[in-house]
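Next come the chains, spelled out residue by residue.
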Amino acid sequence: MSTRHSRAAEAYLKDDAVASRHDQTFFAVRQKRDRMAAALPEWEDLREAASQIKKHTATHLADYLERFERNATRNGVSVHWAEDADEYNRIVADILAAHNVRKVVKSKSMLTEECHLNENLERQGITVVETDLGERILQMMKLAPSHIVMPALHVHREDIGACFRRLIPDFDEIARSYDRPHDDPNDPTFLTYVARMHLRQQFAEADAGMTGANFGIAETGDIVVCTNEGNADMSTSLPRLHIVSMGIEKLIPDYASMGVFQRFVARSGTGQETTVYTSHFRGPRPGGEMHIVLVDNGRSDILGDPEHWQTLKCMRCGACMNTCPVYRRSAGYSYTYFIPGPIGINLGMLRDCHLYHDNLSACSLCCSCDNVCPVKVDLSSQIYRWRQQLDDLGHASRMKRLMSKGMAALFNRPKLYTATLRFAPLINVLPSALVSNRLNPWTYGHTMLKFPRKSFHEQWKQLKNEEKK
Amino acid sequence: MKIGLFVPCYVDALYPEVGVSTWRLLRSLGLDVDYPERQTCCGQPMGNAGFERLARPLARRFDQLFAPYDYVVAPSASCAAYVRCFHPDLLRGEACEAAGKTLDLVEFLHDVLHVTSLPVRFPHKVSVHNSCHGVRELGLSSPSERNVPRYNKIIDLLRLVKGIEVCEPERPDECCGFGGMFAVEEQAVSARMGLDKVRRHIATGAEYVTGPDSSCLMHMQGVAQKQGLDIKFIHVAEILTSGL
Amino acid sequence: MSSREEILSRLRHNTRETFDMPDLAALTPITFADPVAEFIHKTTTTAGATLIEMQPTDRLDDLIRRAYPEARSVASNLPGVRTDVNPDTVAEAQELMHVDVGVVQGCIGVAENACIWIPQQTKEKAVCFAVQQLVILLPRDAIVSNMHQAYALIQTSTDYFSRYPFGTFISGPSKTADIESALVYGAQAARAVTVILTPP
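Trainee: So what exactly am I meant to see when it comes to the overall build of chain A here?
Mentor: Scanning chain A from terminus to terminus reveals 24 helices and 10 strands. Seen through its C-alpha atoms, chain A measures out along the principal axes to roughly 95 × 55 × 45 Å. A burial count over chain A gives 56% of its 469 residues as buried. Sequence separation of 24 or more characterises 75% of the internal contacts of chain A that already satisfy a separation of 6 or more.

Trainee: Help me understand the sheet that holds strand β3 (residues 127-130) of chain A, please; the structure alone is not making it clear to me.
Mentor: Whenever strands of a sheet pair, they do so through backbone hydrogen bonds, lying parallel or antiparallel. Residues and elements named next belong to chain A. Reading across the sheet, the 6 strands line up as β1-β10-β7-β4-β2-β3 and stay open at both edges, with parallel pairing between neighbours. If you trace the sheet from one side to the other, it starts and ends with β1 (78-82) and β3, each paired once. Neighbour-to-neighbour, the strand axes of this sheet turn through a mean angle of 20 degrees, independent of strand direction. Pairing of strand β2 (residues 103-106) with strand β4 (residues 208-211) involves 3 bridges; the strand directions are parallel. Within β4, the position partnered with Val105 by the bridge is Gly209.

Trainee: Just checking my understanding: could you explain the interface of chain B and chain A for this structure?
Mentor: Buried accessible area, meaning the area lost when the parts come together, often serves as the stated size of an interface. Counting residues at the interface gives 55 residues for chain B, matched by 62 residues for chain A. At the level of elements, α1 (9-14), α2 (16-28), α3 (44-49), α4 (52-66), α7 (132-138), α9 (182-185), α10 (187-203) and α11 (214-227) of chain B are the ones that each hand at least two residues to the side of chain B that touches chain A. The element contributing the most residues to the side of chain B that touches chain A is α10(B), with 8 residues. Classifying every residue of the side of chain B that touches chain A by side-chain character gives 30 nonpolar, 13 polar and 12 charged.

Trainee: Help me understand the nonpolar core in this model?
Mentor: Across soluble globular proteins, nonpolar side chains show a tendency to be buried alongside one another. Core analysis: the largest hydrophobic core is formed by 275 residues, its most contacted members being A:Val104, A:Val293, A:Leu294, B:Val73 and C:Ile136. In terms of residue count, helix α5 (residues 77-90) of chain B provides more of this core than any other element does, 8 residues in total. Ignoring anything within four residues of it in the chain, the contact list for A:Val104 reads A:Leu96, A:Leu121, A:Ile126, A:Val128, A:Val129, A:Ala206, A:Ala208 and A:Met210.

Trainee: How should α10(B) be read in this particular structure?
Mentor: Because the α-helix completes a turn every 3.6 residues, residues three or four places apart line up on one side. Residues and elements named next belong to chain B. With 17 residues, α10 should reach 24 Å at 1.5 Å per residue; the first-to-last C-alpha distance of 24 Å fits that figure. Of all 17 residues in α10, 12 are buried; the element is thus mostly enclosed. Note on α10: the residue one or two positions beyond its end, Gly205, has a positive phi of about 85 degrees.

Trainee: What's the story with the interface of chain A and chain C in this structure? I'm lost.
Mentor: Each side of the interface is counted separately: chain A has 74 residues, and chain C has 61 residues. Examining the composition of the side of chain A that touches chain C, we find that 8 residues originate from one element, helix α11 (residues 188-205) of chain A, more than from any other. A breakdown of the residues in the side of chain A that touches chain C according to their chemical character gives 34 nonpolar, 24 polar and 16 charged. As paired strands, strand β9 (residues 277-281) of chain A and strand β8 (residues 166-170) of chain C are joined by 5 bridges and run antiparallel to one another. Each bridged residue has a counterpart across the sheet, and for A:Ser279 the counterpart in β8(C) is C:Thr168.

Trainee: Would you mind showing me how to read the environment of A:Asn371 here?
Mentor: If you trace the backbone, A:Asn371 turns up in helix α18 (residues 368-372). Overall, the presence of 23 C-beta atoms within 10 Å leaves A:Asn371 in the buried class. On a C-alpha basis, the gap between A:Asn371 and A:Ile95 in space is 42 Å, while along the polypeptide they are 276 residues apart. Ignoring sequence-local partners within four residues, the contact set of A:Asn371 consists of B:Arg136, B:Pro143, B:Glu145 and B:Arg146.

Trainee: How should I be thinking about the packing of helix α24 (residues 456-468) of chain A against α2(B) in this particular structure?
Mentor: Packed helices, taken two at a time, are described by their axes: the angle between them and the distance between them. Two numbers describe how α24(A) lies on α2(B): the axes approach to 9 Å, and their chain directions differ by 35 degrees. When the axes of α24(A) and α2(B) are compared, the crossing they make is right-handed. The residues of α2(B) that touch α24(A), namely those facing A:Phe456, A:Gln459 and A:Leu463, are B:Pro16, B:Gly19, B:Val20 and B:Trp23. In terms of residue class, the contact of α24(A) with α2(B) is built from 5 nonpolar, 2 polar and no charged.

Trainee: Would you mind going over the packing of helix α17 (residues 341-351) of chain A against helix α19 (residues 379-393) of chain A with me for this structure?
Mentor: Residue and element names in this part refer to chain A. Orientation of α17 relative to α19, taken along the N-to-C sense of each, is 40 degrees, at an axis distance of 9 Å. When the axis of α17 is compared with that of α19, the two are oblique. Note that α17 runs across α19; the crossing there is left-handed. On α19, the residues that touch Pro342, Ile343, Ile345, Asn346 and Met349 of α17 are Leu379, Ser380, Gln382, Ile383 and Trp386. Here the residues of the contact of α17 with α19 are counted per class, giving 7 nonpolar, 3 polar and no charged.

Trainee: Looking at this model, I keep getting lost on the pairing of β8(C). Mind explaining?
Mentor: Both faces of the sheet carry side chains from a regular strand, because those side chains alternate between them. Residue and element names in this part refer to chain C. Of all 5 residues in β8, 5 are buried, a share of seventy percent or more. Of the two faces of β8, the one lined by Phe166, Thr168 and Ile170 and the one lined by Gly167 and Phe169 are each fully buried. Summarising the sheet, strand β5 (residues 115-119) and β8 pair through 4 bridges and their orientation is antiparallel. Residue pairing for β8: Pro119 is matched across the bridge by Gly167.

Trainee: Teacher, can you tell me more about α4(B) here?
Mentor: Taking 1.5 Å per residue, 15 residues should reach 21 Å; α4(B) reaches 20 Å between its end C-alpha atoms and fits that length. For α4(B), every residue scored as buried is listed here: B:Glu52, B:Leu54, B:Ala55, B:Leu58, B:Ala59, B:Phe62, B:Asp63 and B:Phe66. Here the buried residues of α4(B) occupy an arc of 170 degrees about the axis, which is enough to place them on one side. Considering only its buried residues, α4(B) is in contact with α19 and α20 (398-411) of chain A together with β1 (2-5), α3, β3 (71-74) and α5 of chain B.

Cut-off values and rules
Residues numbered from 1 in each chain as written. Chains lettered and ligands numbered in written order. Predicted model: local features only at pLDDT ≥ 70, side-chain atom pairs only at ≥ 80, totals over all residues. Helix = DSSP H or I, 4+ residues; strand = E, 2+ residues; numbered from the N terminus. Buried ≥ 20, exposed ≤ 12 C-beta atoms within 10 Å, placed from the backbone. Contact = placed C-beta atoms within 7 Å. Pairing = 2+ DSSP bridges. Axes fitted to C-alpha atoms, helices over the stretch in contact; angles between N-to-C directions. Nonpolar A, V, L, I, M, F, W, Y, C, P; charged D, E, K, R; others polar. Core = buried A, V, L, I, M, F, W, Y, C linked by C-beta atoms within 7 Å. Expected span 1.5 Å × (residues − 1). Left-handed = near helix turned anticlockwise from the far one by under 90°. Parallel < 35°, antiparallel > 145°, perpendicular 65-115°, else oblique. Arc of directions from axis to C-beta.

The values reported here are purely geometric and, on their own, carry no functional implication.
Printed below as a string of structure tokens:
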């Protein structure tokens, strides 16, 4: 009885130091988030408001998209619509080709990961440079993100230093220009400086900048991008061409709504009062062009799913991952979908329930995620409901079905149940080799259970009789 | 007031003393307590494993057995939560009378009986295990994630016990990793979560870990024994009847 | 049907139940008895910026020089600031990457998170990001308690977005914690920020 997640997690947990550090790193973020929540008396009201805004927008999405398109177009922006990843990749490639773009600088976007944009562009000979520091590290190391907001926290400084030395051509020159004393050759401040100098070169050379969108505002046509590094702003201040990739669920109605969400994104996700930059793009740079690609890629179908449509409320803050005790102990790569943690389990099932059902085991149903989610997505209930569908989908664990059926057979027959309890203590006297073996998964982490001589059922009559006397 | 005592299957089989303590406690408070003998399981293990259809007949049976009582009291927060939060959905379109009046022992004592004194003594330091479904489904304590006034009904009750010293571990309501079949399907993560939790309980310097859920205690006890860690486990009901 | 029509019609078809917009006016967001004091506190602590309270007798150029004495070049289009580079007239935005200090005008300060609303007022917005250090001027009387108030002001004003279609909230210097959670200032954009609170 195991899944691809549980096997990967078991392997991950073999290195105790790495696993402990991962858990502590992300629990620390959860604690920062708690302090943010505690500092705002209106926190729970904000969550409710955010949830209602998202529900309202999702159920009026077609109208809001039309309004957004009208306003963006009036602002001089070209708006494109993509049904799926293929069409999205094609649209982006065409825009880039029309401008003879050879190099793109890009800020973080989960949507581009979802659609495999980078691979597609690189196949066409276009250089794509991720500019979020974490994403850039992963790109250079040829690794996937392990978290949607802090994608490279699982990578150690020594490995990052080695990678920079190997792959940044003018590393030595940059290092010589660093003016602060540092003993550790992999000091994070030093490595960040190296990355800064390296990336500034990329910003200066790039022909186009691509960003995601944290929000689109229907009322004005604004695209709002939140970063701490300012890389989205660097990507759009230097090249003349700006392409925005936006999932259609990122739309919100107006500035009043934006006030609610701006206060949430960083507080929930990273435990900061705000991201350093909250930038509103309402049109192209003077002499430049701005394109927005609105991407569906399955989202409009999710809206029609009565049990799971509320995943459309998600704003990808990552809070559910940080609090998830399973994510913290198994890390991003244990999951088979590129978004890990509670929201990733659900989004993976919505993407392809036959491909990503292994992640459903990665939940103890502790419900912590439900309580941190700033837009109140009922993440654990959704995982519970997906599990109910596994048998019909043909992916239920045979062992779990057998155990469930066995239990049900026993519990549905009170007499048999009572009789079984009477004989249960016999297990205690069986040779331990018979009960503690690899066929008994309980004994992997536990000692074997000891059954008492008499169950409560048997003691009950005695209790009654005692009282009568 | 007629009380139906629900002693969930695994408590019945593995921790009868918890059932006995609950019975004694409720009787000592002068309550009319009945134990319907044909009870078995609330259906949660099958539901959480993805087999709600196997849980449905059990929910139906539960409702038939317990509908006549004014309150159904169980010394197991997770089972009480499954009945109260999940049975209405399982039995949609059918009679479902018992679910709404099913309570965990702690909330029954705290919220219904408003117990303010207990003639019991337990001169030990205990670390409280706030189990997930107790916290986040029944509201036995304020979830650490939420910005709500802080409270803890388990601690309120334990404070009535003479001689006791009550504390909570770091990360006071992080999951211990039991989760029913999660413990066997995700055995490595489950064992690791259990170990982390036990260590945090031990770090408080407590002699005992106590909580309203024998399932969590069972899991942590198995992990502690396997790792050779020295701390004892005791259900809240046993402390509240200590020396009674 | 075009993709646009397909998506819109599928959305309309799949909308099973509709929900109303909540009454956001019913929210009671946090306010501060002294928003200026809170803004100064947040700016100099969590945001990691330096803050100067300008006195009526101070000269702006002196304050900028005092903040960044080693600066060799200043970029701004603000009147009263002695500049070496004008972001309105540079041939390429890239030129601003080599400027030591950019000086821009902030319009709204937000006490709860030290954000400053900076609508684009120069041809090249790179002056806010690409320069090494950033000085933001902010009138003392332009500080509000929270983001709701800030957005309400932006929405009702005609001053923003009219000349250039961009505006940004900035809260301190560029930051990252992407390497082992170690907080580092100066990831990509301005390495340091000085806020000058100007007299009303």
